[in-house]
Amino acid sequence: MPDFRDRATLEQMLAAPPFHQVMGYQLGEIDPERGMLEVIQPYGDHVHRLEGAEQIHGGVIASLIDVAGTFAMVAHLQKGVPTVDLRVDYLRPAFGSDLTARATVRKAGRTVGTVDIEVHDSTGRHIAMGRALFATGG
C-alpha cells in the first residue's frame, strides 16, 4: 500500500489525472499530522475567464478547492476518498497570479470527513474559501 503522507507519492498522484496535467497543479506545503496540505494552481492562459483577460475563471478556483481538500483528506486518512459535497465562497476576483489553496482537515469521522480550504493569490490576498465533505467509510 502506498504511503499517502510521502511527498513523492502525493506529487505522483497529483500529476496523474489528465485534468490535473492540463491545470498544472503543484504540491505546496504538506503536514499530514496536522491535516494540512497546499495545492498550487500556476497562472497561465488556460485559467482565464475570457480570452485575453487576466481574470481567473471561477471553475478553476472551485476545482482547486476540491483537489486540495481531497488530497488533504487522502494524506490524513491514508486512502482515497470521494467528494460528496462542495461549497465555494468567492471573496474577490483573482487576476494574473498563481493561486495557493491551503486545505485543513477539520474532522475525519467514520462516514464523513470535513475539510476547510482557503485560496490566496501570490500577494496573499484571500480570493476564496470552501468547505468540502468526503465519504470516509467503506
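To be clear, the structure that these remarks concern was listed above.
Quick caveat, the model's predicted, so the values are computed rather than measured.

A. Main features of the overall build of the chain. When helices and strands are tallied, the chain shows three helices and six strands. Against the globule reference of 14 Å for 138 residues, the chain gives a C-alpha radius of gyration of 14 Å, in line with a compact fold. A principal-axis box enclosing the C-alpha atoms of the chain has dimensions of 45 × 25 × 25 Å. Within the chain, contacts between residues separated by at least 24 positions form 58% of all contacts whose residues are at least 6 apart in sequence. Within the chain, the 17 negative side-chain charges are centred at a point lying 9 Å from the centre of the 13 positive side-chain charges.

B. Examining unusual backbone geometry more closely. Look at glutamine 78: it is not a glycine, yet its phi comes out positive at around 65°. Mapped onto the elements of the fold, glutamine 78 is located in the loop between helix 3 (58-77) and strand 3 (83-90).

C. Structural detail: the sheet that holds strand 4 (residues 99-108). In space, the six strands of this open sheet follow the order 1-2-4-5-6-3, with antiparallel pairing throughout. Strands with a single pairing partner mark the edges of an open sheet, and in this sheet they are strand 1 (26-31) and strand 3. Put simply, the sheet's adjacent strands are angled 20° from each other on average, direction ignored. Pairing of strand 2 (residues 36-41) with strand 4 involves six bridges; the strand directions are antiparallel. Paired with methionine 36 across the bridge in strand 4 is threonine 104. In the packing of helix 1 (residues 7-15) onto the sheet, contacts are made with strand 1 and strand 2, and the angle to strand 1 comes to roughly 145°. Set on the sheet, helix 3 makes contact with strand 2, strand 3, strand 4, strand 5 (112-121) and strand 6 (126-135); between it and strand 4 the angle comes to about 45°.

The rules behind the values
- Residues numbered from 1 in each chain as written.
- Predicted model: local features only at pLDDT ≥ 70, side-chain atom pairs only at ≥ 80, totals over all residues.
- Heavy atoms only, no water.
- Helix = DSSP H or I, 4+ residues; strand = E, 2+ residues; numbered from the N terminus.
- Rg over C-alpha atoms; globule rule 2.2 N^0.38 Å.
- Contact = heavy atoms within 4.5 Å.
- Lys, Arg positive; Asp, Glu negative; His and termini not counted.
- Charge placed at Lys NZ, Arg CZ, Asp CG, Glu CD.
- Pairing = 2+ DSSP bridges.
- Axes fitted to C-alpha atoms, helices over the stretch in contact; angles between N-to-C directions.

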